[in-house]
Amino acid sequence: MADTEVDSFDAVVIGAGFAGLYMLHRLRGLGLSAVVLEQGAGVGGTWYWNRYPGARCDSESYYYCYSFDSALEQEWTWSERYPRQPEIKDYLDHVTDRFDLRRDIRFGTRVTGARADADGRGWTVDTDTDTDTDTDTDTAPVRCRFLITAVGCLSAANVPDIPGLADFAGRWFHTGRWPHDGVDVTGRRVGVVGTGSTGIQAIPVLAEPASHLTVFQRTANYSIPARNGPLSRAESDAYKADYPAIREVQAGSTNGHPFVVNPQSALEPPDDERERAYRAAWERGGLRFRASYADLLADEAANETASEFIRDRIRETVEDPAVAETLLPRDHGFATKRPPIDTGYFETYNRDDVTLVDVRADPIEAVVPEGLRLRSGTVYELDDLVFATGFDALTGPLLRLDPVGPDGTSLRRAWAAGPRSYLGLAVSGFPNMFTITGPFSPSVLTNMPTSIEQHVDWIADCLAHMRDTGADRIEADRDAERAWAEHTREVSEQTLLPRAATSWYLGANVPGKPRVFMPYAGGFARYTAACADVARRGFEGFRLTGSPAAA
Ligand code: N01
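Here we summarise the structure given alongside this text. (Residues numbered from 1 in each chain as written. Predicted model: local features only at pLDDT ≥ 70, side-chain atom pairs only at ≥ 80, totals over all residues. Heavy atoms only, no water.)

1. Quick word on the pattern of salt bridges
Logical step 1: Evaluated as defined, the whole model comprises 50 salt bridges.
Logical step 2: Between D10 and R145 there is a salt bridge, with the nearest N and O atoms lying 3.1 Å from each other. You can see D10 sitting in strand 1 (residues 7-14) and its partner R145 sitting in strand 6 (residues 142-149), a full 135 residues away along the chain.
Logical step 3: For R145, a relative accessible area of 32% puts it in the partly exposed group.
Logical step 4: The partner of K89 in a salt bridge is D93, and the shortest N-O contact between them spans 3.0 Å. With K89 and D93 both in helix 4 (residues 85-98) and four residues apart, the pair spans about one turn of that helix. Both residues of the pair, K89 and D93, belong to the buried class.
Logical step 5: Look at the salt bridges and you will find they share partners, linking E304, E308, R311, D312 and R315 into a network. (Salt bridge = Lys/Arg side-chain N within 4 Å of Asp/Glu carboxyl O. Helix = DSSP H or I, 4+ residues; strand = E, 2+ residues; numbered from the N terminus. Buried < 20%, exposed > 50% of the residue type's maximum accessible area, 1.4 Å probe, protein only.)

Laid out in structure tokens, this is it:
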């Protein structure tokens, strides 16, 4: 295509994961023209890229899915309690075809920049083709009235800047960019750096074929058994019959999960009764453990009861007391960092061919051709090195796009001291731009599809309102944005969440990143009510203006 040809749309959506697909569906419903630009060769977003061994969702399958179409809910049947990556990808492919979305998605198209028009009424989006596809795609810029980012919160891989990586003689991988044709580690010496949700999922699976697995742990973590298993026909049918009630509980919840939190304090019941409650939650498994008591994330003493219960399970499971001791999390309370769930994680350390290395005590100093060298000089010889080191979360994916507002200010400059956003949906200085699950929205503290649907519906309602009122420019007010940032800070400080010093919620995992607690911790239902209120008041806190030409 000639460089001068520029396609123009009402909306450009960046990313074809859960968010981008549903956004496209809603835009079409409004009669707007739209295109989705997607770097990968297929749909899925997170579930396109994260193909590491053991990749599986920590939310249960019956609610880790869309709720917007009841026929879709009824026709799709999940095979396991927690869906594996390929099954979620299959589900999203099914949704894409069922709603005929594919024809408006440009795969293999990476957005390299976006510039607002001087009047703030449109955007020019620059693209490039990516090597991950052999599709011959358009690299000319694309024009649009509205720019909608659906880039996810955990898509910018964080590979630690360890000296010597380029000289490593073996293979190295980041879990979030796992090769699509898989990696055979049979008979090889594998090292895993990182014990977050990803590492905890991957470690037991990698330990099986590897000749030896060495885990480099900087921060010990809590984990609850997933208790995964096949979903029977009867269980699936029961969920399907119950969907209206399930969705109602999710809508009124703190985390977008269909769990009712026990309103009692963990400090109220006698010790033996609390122990029984924790044991029952441990046996049931999964993230629902957090719902055992109301104040687990609000009161340190309450939290310590759950933290110590889990430490006891680690002591009980891991046979070598010295290894168990190293695995005990002591520098943060349970669930103040995102709690992983697992299948056989702590049990893996009972294998003779698995070694745990405490890199808090003896930090990683360099990658050397034969493996990893610690500060003490000890070298661990490795054939494969796996970085399960997480992401530049929430702000990272948006800063990599680095849109530039009408006055020439880039997002990177606007957010130099940390992100600012109104409702997590829009940024002052960046008119006609919406950020699905942006910083200061509940996003990563919730079941993502639930938050995504709420955001997309809100944006669609906003665009319908603009259409109906003749507005063609919308921008968040700086004052409304400041007030929202202050509210976000206040609600987070009512919890223990900001106290976990190494948390990626705070940006602490990326050297030099400003320390700001980024997700909205006031609860999903409270957030939803705030967004609905803003809309009801005519999109209070936004400046909406009509086109001078149309006036
Ligand atoms: O990443 P993480 P993740 N040297 O940042 C360590 C979601 N998720 O990919 O804690 C040594 O949590 C780091 O140590 P520390 C979920 O929301 C969802 O595991 O910073 N170690 C930590 O142990 C999750 O929370 C599913 O001290 C280094 C680990 O690497 C989020 O993704 C499944 C290091 C990174 O843990 C991120 O999880 C999996 C260094 N230089 C993940 N740098 C679902 O089921 C980092 N670490 C939906």
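Back to the write-up after that little detour.
2. Describing the site of the ligand
Logical step 1: Surveying the vicinity of the ligand reveals 25 residues, the closest of which are D58, T198, R218, T219 and K337.
Logical step 2: At a separation of 3.4 Å, an oxygen atom of the ligand approaches a polar backbone atom of A388.
Logical step 3: Between the ligand and W504 there is a distance of 3.2 Å, counted from an oxygen atom to a side-chain nitrogen or oxygen.
Logical step 4: Protein coverage of the free-state accessible area of the ligand, which is 910 Å², stands at 89%.
Logical step 5: Residue contributions to the shell around the ligand peak at three residues, all from helix 5 (residues 197-207).
Logical step 6: Residue composition of the shell around the ligand, grouped by class: nine nonpolar, 10 polar and six charged.
Logical step 7: Residues from two domains meet in the shell around the ligand; each of domain 1 (7-156 + 392-550) and domain 2 (165-387) gives at least three. (Near = heavy atom within 4 Å. Polar contact = N/O pair within 3.5 Å; in protein donor to acceptor, adjacent residues only side chain to side chain. Areas by Shrake-Rupley, 256 points an atom, 1.4 Å probe, with all protein chains shown as cover. Nonpolar A, V, L, I, M, F, W, Y, C, P; charged D, E, K, R; others polar. Domains from an automatic or database assignment.)

3. Things to note about the pairing of strand 2 (residues 34-37)
Logical step 1: Residues A34 and V36 of strand 2 are buried on one face, and the alternating residues V35 and L37, pointing to the opposite face, are buried as well.
Logical step 2: With helix 1 (residues 18-29) bridging strand 1 and the parallel strand 2, this β-α-β connection has right-handed handedness.
Logical step 3: As judged from the two bridges shared by strand 2 and strand 3 (residues 105-106), these two strands associate in the parallel manner. Residue pairing for strand 3: L37 is matched across the bridge by R106. (Right-handed = clockwise from strand over helix to strand, strands pointing away. Pairing = 2+ DSSP bridges.)

4. Concerning the nonpolar core
Logical step 1: With 82 residues, the main nonpolar core has Y91, I148, L423, W458, L463 and F542 as its most contacted residues.
Logical step 2: Per element, the largest residue contribution to this core is 10 residues, and it comes from helix 13 (residues 448-469).
Logical step 3: A domain-level breakdown of this core finds at least three residues from each of domain 1 (7-156 + 392-550) and domain 2 (165-387).
Logical step 4: The residues contacting I148, other than those within four sequence positions of it, are A11, V12, V13, I14, M23, L27, F434, I436, I459 and L463. (Core = buried A, V, L, I, M, F, W, Y, C linked by side-chain atoms within 4.5 Å. Contact = heavy atoms within 4.5 Å.)

5. Here we look at helix 6 (residues 233-251)
Logical step 1: Compared with an ideal rise of 1.5 Å per residue, which puts 19 residues at 27 Å, helix 6 spans 26 Å between its outermost C-alpha atoms and is within 8% of the ideal.
Logical step 2: Taking the largest bend as the criterion, helix 6 deviates by roughly 70 degrees, centred on Y243, and proline P244 comes between one and four positions later.
Logical step 3: In this fold, the buried residues of helix 6 make contact with helix 3 (70-75), helix 13 and helix 15 (524-536). (Expected span 1.5 Å × (residues − 1). Bend = angle between axes of the 7 residues up to and from the residue.)

6. Structural notes on the side chain of Q217
Logical step 1: Inspection of the secondary structure assignment puts Q217 in strand 9 (residues 212-217).
Logical step 2: A relative accessible area of 2% means that Q217 is categorised as buried.
Logical step 3: Here Q217 is in contact with T195, T326, L327, L356, V357, D358, V359 and R360, once residues within four sequence places are set aside.

7. Let's talk about helix 5
Helical geometry: 3.6 residues make up each α-helical turn, so side chains three or four residues apart lie on a common side.
Logical step 1: Across the 11 residues of helix 5, 10 count as buried, placing the element largely inside the fold.
Logical step 2: Of all the positions in helix 5, only S197, T198, G199, I200, Q201, A202, I203, P204, L206 and A207 are classed as buried.
Logical step 3: Those residues of helix 5 hidden inside the fold are in contact with strand 8 (189-193), strand 9, strand 11 (341-342), helix 10 (345-348), strand 12 (354-358) and strand 16 (384-387).

Remember, this is a structural readout, not a statement about activity or role.
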